[in-house]
Amino acid sequence: MAKIIVVTSGKGGVGKTTSSAAIGTGIAMRGFKTVIIDFDIGLRNLDLIMGCERRVVYDFVNVINGEANLKQAMIKDKRIDTLFILPASQTRDKDALSKEGVERILNELAEEFDYIICDSPAGIESGAMMALYFADEAVVVTNPEVSSVRDSDRILGMLSSKSRRAEQGLPGIKEHLLLTRYNPERVVKGEMLSVEDVGEILAIKLLGVIPESQAVLNASNSGQPVILDQDSDAGQAYLDTVARLLGEEVPFRFLNVEKKGLLKRIFGG
Amino acid sequence: MSDHSFELKGSLFPLSVLYCQDLSAAAVKTQLQQKLAQAPAFFYRAPVVINVESVTQAPDFEAIAQVFKELELVLVGVCGASAELKKVAQAAGLASLQLSKSKTPAKETKEKETKTEAAIAAPVMETKVVEQNIRSGQQIYAKGADLVIRGTVGAGAEVIADGNIHIYGTLRGKAIAGAAGDSQKRVFCHKLEAELISIAGSYWLSDSLQGEYWGKSACIGLQDDKLVLADLL
């Protein structure tokens with residue numbers, strides 16, 4: 001039985017799609033058959049981050065409407081054998097998704113895949129609700145600033161009241177906190193909330209901390225999930241995150257200001 | 001000479017009363033399902049009494065009881081039943097409850113009046129316990145009851161009770177105690193960082209709550225129409 005993981009946040013621009021791509025790729029690299037679904041109907045982005053935008057023929061909405069089957073719509077990743085992407089429709093809007101349609105497709109995918117990653121749109125409207133409704137686990141992506149934290153709190157409330165697990169009285173969705181764009185220097189200066197501050201407000205288990213990094217932007221621009229850039233701090237932080245998601249104990253890195261070495265101080269970091 | 005290991009005492013409990021024109025099992029089921037869909041957790045295993053005052057023909061109580069069982073509600077009994085209906089309900093294993101309003105037959109009212117008044121004078125407060133964090137945007141209302149939160153109330157969340165409110169985590173949202181107007185009610189919290197605290201309509205915003213109790217445990221009550229902060233212990 002596949003595990004359905006929603007990557008969500010409430011707020012836009014915090015790194016949901018980047019994280020969905022990185023986590024999905026990371027899990028697939030471990031040999032699990034994984035599909036990443038873009039739920040952001042009308043604002044399709046996942047295909048760009050995954051570098052498969054030229055291979056989109058059919059999309060999620062086509063499959064729901066029966067205009068194509070899953071085999072036709074899913075795009076097999078060229079780098080990792082066990083990774084697939086189901087792109088969103090760019091020409092439709094979020095109302096194109098129905099609960100019954102989404103359920104049917106998730107059930108069909110669950111027969112074949114080990115992990116289904118749902119890349120949620122921002123907001124708390126139908127699109128985001130659809131992405132989280134069937135989830136078993138949730139990765140709540142949060143930036144270390146107050147508005148993002150509050151929106152994450154709101155989404156956590158939705159997870160515990162509006163999901164299938166909540167409505168059917170099943171054990172609740174397992175919630176994970178993923179802190180992105182973390183900049184220890186700005187935390188020290190008091191310009192950013194610390195890991196401890198966010199953890200205290202949201203009171204859920206910390207899954208990972210991704211440092212603010214040029215590597216993320218470079219990865220997006222080149223259509224390579226940042227987790228494949230294993231020399232970068234962000235890539236390594238995502239590798240740790242995936243390990244924790246799969247139940248391994250990994251110490252947290254990139255939480256403190258790095259002391260600049262002599263050479264770096266002379267030549268600039 | 002009383003034996004305290006065994007007592008049978010009277011108490012008053014809030015029960016939901018179902019008013020339904022059509023008491024056929026099918027009609028009751030659809031109506032209940034619609035209601036439950038709005039707030040499934042709120043009604044989960046809730047005790048319910050059916051008002052049968054306006055009923056002329058005896059409904060099939062056994063079929064209705066089955067519907068309640070399916071929907072995970074507890075059917076306690078009927079109220080407002082005629083002598084005839086009482087027998088039918090009794091045969092189906094249901095209790096027949098007395099309506100507390102003046103709708104009961106005239107001669108019975110006189111006898112019961114004193115008892116009812118005494119009961120109202122000393123109401124039994126229920127307590128609603130919530131075992132989780134209340135997130136931004138969520139609202140919890142304990143009607144006619146005290147409210148206990150074993151968690152944190154997030155910024156942008158609201159907890160409301162007609163009784164007292166106890167919060168064992170941090171209060172960052174709004175807490176409204178004595179919502180029905182009782183100025184004796186209070187708010188207790190383990191860590192005070194509230195957006196707003198209101199008791200019986202008098203309220204303070206977070207600006208007025210800054211001071212020695214901010215970020216600490218506190219108990220907030222109303223004295224001479226003014227909110228008063230005090231040590232929790």
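So, here's what we can say about the structure.

A short note on the overall build of chain B
Here's step 1: Scanning chain B from terminus to terminus reveals six helices and 15 strands.
Here's step 2: Across the 233 residues in chain B, those meeting the buried criterion constitute 36%.
Here's step 3: Residue pairs in contact within chain B that sit at least 24 positions apart in sequence constitute 34% of those at least 6 positions apart.
Here's step 4: Element-wise, carbon and sulfur atoms account for 52% of the exposed surface of chain B, whose accessible area totals about 14300 Å².

Considerations on the interface of chain B and chain A
Here's step 1: Tallying the contact residues gives twelve residues for chain B and 13 residues for chain A.
Here's step 2: Buried area between chain B and chain A, summed over both chains or domains, comes out near 960 Å², and the portion from carbon and sulfur atoms is 37%.
Here's step 3: Three residues stand out in chain B for area buried against chain A, namely R135(B), S136(B) and R172(B), and they jointly supply 55% of the buried area on that side.
Here's step 4: On inspection of chain B and its partner chain A, the count reaches four salt bridges.
Here's step 5: Among the salt bridges present, the one from R172(B) reaches E200(A), with a minimum N-O distance of 3.1 Å.
Here's step 6: The interface formed by chain B and chain A contains six residue pairs in polar contact (both at pLDDT 80 or more).
Here's step 7: Here the residues of the side of chain B that touches chain A are counted per class, giving one nonpolar, seven polar and four charged.

Quick word on the packing of helix α1 (residues 25-38) of chain B against helix α3 (residues 61-70) of chain B
All names here are of chain B.
Here's step 1: Their axes nearest at 9 Å, the elements α1 and α3 cross at an angle of 25 degrees. One element, α1, and the other, α3, form an angle in the roughly parallel class. As for how α1 packs across α3, the hand of that crossing is right-handed. On α3, the residues that touch A25, V28, K29 and L32 of α1 are A63, I64, V67, F68 and E70.
Here's step 2: Classifying every residue of the contact of α1 with α3 gives seven nonpolar, no polar and two charged.

Some details on the nonpolar core
All names here are of chain A.
Here's step 1: Membership of the largest hydrophobic core comes to 53 residues, with the highest contact counts inside it found for F60 and I116.
Here's step 2: Those residues in contact with F60 that lie beyond four places of it in its chain are I37, D38, F39, I41, L86, P87, A88, L97, V102 and I105.
Here's step 3: Judged by nonpolar contacts, the second largest core, of 34 residues, contains I5, I80, Y115 and A215.

Focus: the sheet that holds strand β6 (residues 139-142) of chain B
All names here are of chain B.
Here's step 1: The mixed open sheet is built from five strands, whose spatial order is β6-β8-β10-β12-β13. Edge positions in the sheet fall to β6 and β13 (202-205), since each has one partner strand and no second. Between one strand and the next, the sheet's axes are offset by a mean angle of 5 degrees, whatever the strand orientation.
Here's step 2: Pairing analysis gives four bridges linking strand β12 (residues 196-199) to β13, with the strands arranged antiparallel. Across the sheet, the residue bridging to I197 is W204, located in β13.

Brief notes about the pairing of strand β6 (residues 137-142) of chain A
Residues and elements named next belong to chain A.
Here's step 1: With respect to burial, β6 is a largely interior element, six of its six residues being buried.
Here's step 2: Side chains of β6 alternate between two faces, with E137, V139 and V141 and A138, V140 and T142 buried alike.
Here's step 3: Note that strand β1 (residues 3-8) and β6 share four bridges and pair parallel. Each residue of the ladder has a partner; that of V7, found in β6, is V139.
Here's step 4: Bridge count for β6 against strand β7 (residues 174-182) is six bridges, and the pairing is parallel. Residue pairing for β7: T142 is matched across the bridge by L179.

Considerations on helix α12 (residues 233-245) of chain A
All names here are of chain A.
Here's step 1: In a regular helix each residue adds 1.5 Å, so 13 residues correspond to 18 Å; α12 covers 18 Å between its end C-alpha atoms and thus fits that length.
Here's step 2: Burial analysis of α12 places ten of its 13 residues in the buried class, which makes it a mostly covered element.
Here's step 3: Of the residues making up α12, those classed as buried are A234, G235, A237, Y238, D240, T241, V242, A243, R244 and L245.
Here's step 4: Where the residues of α12 are buried, they touch β1, α1 (16-29), β6, β7, β8 (205-211) and α11 (214-222).
Here's step 5: Downstream of α12 by one or two residues, G247 has phi in the positive range, about 95 degrees.

Some remarks on the packing of aromatic side chains
Residue and element names in this part refer to chain A.
Here's step 1: Evaluation of the coordinates by the stated rule reveals four aromatic pairs over all chains.
Here's step 2: Aromatic side chains F32 and Y115 sit 5.3 Å apart centroid to centroid with 75 degrees between the ring planes, which places their arrangement in the edge-to-face category. Placement of F32 in the loop between α1 and β2 (34-38) and of Y115 in strand β5 (residues 115-119) is noted, with a sequence separation of 83 residues between them.
Here's step 3: Relative to F60, the ring of F39 has its centre 5.2 Å away and its plane inclined at 75 degrees; by these criteria the two rings are edge-to-face.

Some thoughts on helix α7 (residues 146-161) of chain A
All names here are of chain A.
Here's step 1: With 16 residues, α7 should reach 22 Å at 1.5 Å per residue; the first-to-last C-alpha distance of 23 Å fits that figure.
Here's step 2: Listed in full, the buried residues belonging to α7 are S148, V149, S152, D153, I155, L156, G157, M158 and L159.
Here's step 3: If you follow the buried residues of α7, they end up packed against β1, α6 (126-133), β6, α8 (164-167), β7 and α10 (195-202).

Comments concerning unusual backbone geometry
All names here are of chain A.
Here's step 1: Of note, A203 is a non-glycine position whose phi angle comes to about 50 degrees, a positive value.
Here's step 2: Note that A203 resides in the loop between α10 and β8.
Here's step 3: Accessibility expressed as a relative area gives 40% for A203, which makes it partly exposed.

The rules behind the values
- Residues numbered from 1 in each chain as written.
- Chains lettered and ligands numbered in written order.
- Predicted model: local features only at pLDDT ≥ 70, side-chain atom pairs only at ≥ 80, totals over all residues.
- Heavy atoms only, no water.
- Helix = DSSP H or I, 4+ residues; strand = E, 2+ residues; numbered from the N terminus.
- Buried < 20%, exposed > 50% of the residue type's maximum accessible area, 1.4 Å probe, protein only.
- Contact = heavy atoms within 4.5 Å.
- Areas by Shrake-Rupley, 256 points an atom, 1.4 Å probe, with all protein chains shown as cover.
- Buried area = accessible area lost by both parts, 1.4 Å probe.
- Salt bridge = Lys/Arg side-chain N within 4 Å of Asp/Glu carboxyl O.
- Polar contact = N/O pair within 3.5 Å; in protein donor to acceptor, adjacent residues only side chain to side chain.
- Nonpolar A, V, L, I, M, F, W, Y, C, P; charged D, E, K, R; others polar.
- Axes fitted to C-alpha atoms, helices over the stretch in contact; angles between N-to-C directions.
- Parallel < 35°, antiparallel > 145°, perpendicular 65-115°, else oblique.
- Left-handed = near helix turned anticlockwise from the far one by under 90°.
- Core = buried A, V, L, I, M, F, W, Y, C linked by side-chain atoms within 4.5 Å.
- Pairing = 2+ DSSP bridges.
- Expected span 1.5 Å × (residues − 1).
- Phe/Tyr/Trp six-rings, centres within 6.5 Å; stacked < 30°, edge-to-face > 60°.

As far as function goes, none of this settles anything; it's purely spatial.
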